[in-house]
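Coordinate analysis (summary)
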Amino acid sequence: MSQWTTKLTTLSGIELEDATRSRREFELEVQRFKRGLELLKNPKFPAVSQAFLLMNKAMQRGNTSHEKWRLFQIAFIISLLPELAAREYPELATQDDGFVDLLWFAAGGGKTEAFMGIILWQAFFDRLRGKQFGNTAFVRFPLRLLTFQQLQRLAVALAAAAAVAAVLVVAVVGMAVRAPLSRVPENSMKFAVGVMLIAFGMFWGAEGAGAHWPLDDAALLILVPAVALYALALVALFRRRSATASPLNADVATTERATHS
Amino acid sequence: MIGKLRAFGAFWYDFIVGDDWLVALGVLLALAITYAASRLTDAPVWWIVVAAVAILLPHSVFRATRHRR
C-alpha cells in the first residue's frame, strides 16, 4: 500500500483519478476482509464460525481434491460473511453494505468452488439460526451446457453438507439418549431390536418379492405391534413350560413336599 | 490367506444365516414362494411371509428357551 501511495505522487490527471479510486476500492475490499476475519473470531456470534467450520468440512467431504482455499476464494467468502450475518444480527450492518460482488477469474480458476463455499456457509448458518424453509441461493448459468455440470457439482456439495449435518444430528441425539438407553435392560433392548427387524424385514422382504401390502406403508403400524405381541406371547408360553419342566424346579418341588410331610 | 477367506465366509454366514439355518431356509422359501405367487397370480400374496413368521418364530423362541435350560 505504501508503494502505491508513492506511485500516486508520480501520476497526474485522469491516471491519478483512476489510481486513487482503485486504491480506495482496494482499501475497502481489505477492510471488508478484515471485518469478516474479526467476525469469525468474535465469540458473540458463534453461529458464524460454526457455519464456517461446517462449510469447510462439507467442501472437503464433497470434493476430496479440495485441500485448501485459493487466496481469492477465501477472501471472497470471508468478505461476504458480515453482510450476510447482518440479516440475523442487525448490529453487524454498516452503511457501506449493499455490495453486489462480481467474482471474476480465469476459467478453471475455482470461481464455482468459491460460490459453493458461500452458499454452503449460508445454508448452515440458516439452519443454525433456526430457518425452517425458504430460499438460500439462486443459481443461474449463462450456458445451458454449463447448467448440468455445475448443478452436479453443487448437488454433490449440498449432499456433503447434508451428510455433515446428519452426522452432527446423530452425534447430538446419541449423546442425549446414551444415559437413558444405558438404563434399559440389555434383553429388552435386544427384544425390541428383534421385533423391529422381523416386522421391517417382513414388510420389505415381501415387497421386494412382489407382494403389495394392504394399507401400503401404514401396514407397518400393524405389523410392528402384532409381531411384538406374538413374540411376547411366545416368550411367556415357553418360559412357563421351561420353568415347569426344569429339573431344578422339580427338585425344589420335591424338597418342599418332603418338608411339608 | 485361507484364514482370511474363511473369516470372510464365516462373517457372511453369520450375517445371513445366523444361529439357526432352519429359520434362514424358511424365510428364503417364503420369499421365493411369494415371488413365484406374485408372478403367477393376481391374488394377494403378502400373507405368505406373515404365515412363515407365524410358524418360524415359535420354533426360534422354543429353540432359544430349550438351549437356556
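Quick summary incoming for the structure in this document. Within any chain, residue numbers begin from 1 and follow the written order of that chain's sequence. Working convention: letters from A go to chains and numbers from 1 go to ligands, in the order in which they are written. The predicted origin of the model limits local features to residues at a pLDDT of at least 70 and limits the giving and counting of side-chain atom pairs to 80 or more, whereas totals for whole chains, interfaces and linings rest on all residues. Neither water nor hydrogens contribute to the side-chain values; these are computed over all heavy atoms in the structure.

**Things to note about the interface of chain B and chain A**
Two residues form a contact once any of their heavy atoms are found within 4.5 Å. At the junction of the two partners, chain B supplies 16 residues and chain A supplies 17 residues. Summed over both partners, buried area is the accessible surface (1.4 Å probe) that two parts give up on being assembled. Taken together, the two surfaces of chain B and chain A that pack against each other cover about 1,500 Å², and 83% of this comes from carbon and sulfur. Salt bridge, as used here: a side-chain nitrogen of Lys or Arg that lies within 4 Å of a carboxyl oxygen of Asp or Glu. Summed over the shared surface of chain B and chain A, the number is zero salt bridges. By the criterion applied in these results, polar contacts are pairs of N or O atoms within 3.5 Å in which, for protein atoms, one can donate a hydrogen and the other can accept it, and in which residues neighboring in sequence qualify only through two side-chain atoms. In this assembly, chain B and chain A are joined by two residue pairs in polar contact (both at pLDDT 80 or more). In DSSP terms, a helix is any run of H or I states spanning at least four residues, a strand is any run of E spanning at least two, and both are numbered starting from the N terminus. Looking at the side of chain B that touches chain A, the elements that each hand over two or more residues are α2 (21–40) and α3 (47–68) of chain B. Here the side of chain B that touches chain A gets nine residues from one element, more than from any other, and that element is α3(B). Its residues assigned to classes, the side of chain B that touches chain A comprises twelve nonpolar, three polar and one charged. Three residue categories are used. Nonpolar comprises Ala, Val, Leu, Ile, Met, Phe, Trp, Tyr, Cys and Pro, charged comprises Asp, Glu, Lys and Arg, and polar comprises the others, including Gly.

**Observations regarding the packing of aromatic side chains**
Only the six-membered ring of Trp is used, alongside the rings of Phe and Tyr, when aromatic pairs are assigned; centres must lie within 6.5 Å, and planes under 30 degrees apart are stacked while those over 60 apart are edge-to-face, with the rest tilted. Within the structure shown, the criterion is met by 14 aromatic pairs over all chains. Seen from their ring centres, A:F200 and A:W204 are 5.2 Å apart, and the 45° between their planes marks the pair as tilted. Taken together, the residues span about one helical turn, with A:F200 and A:W204 both in helix α7 (residues 186–208) at a distance of four residues. When the centroid spacing of 5.6 Å and the interplanar angle of 85° are considered together, the rings of B:W12 and B:F15 count as edge-to-face. Linking B:W12 with B:F15, this pair stays in helix α1 (residues 2–16), spanning three residues, or about one helical turn. Ring pairing ties together the aromatic residues A:F200, A:F203, A:W204, A:W213 and B:W46, which thus form one cluster.

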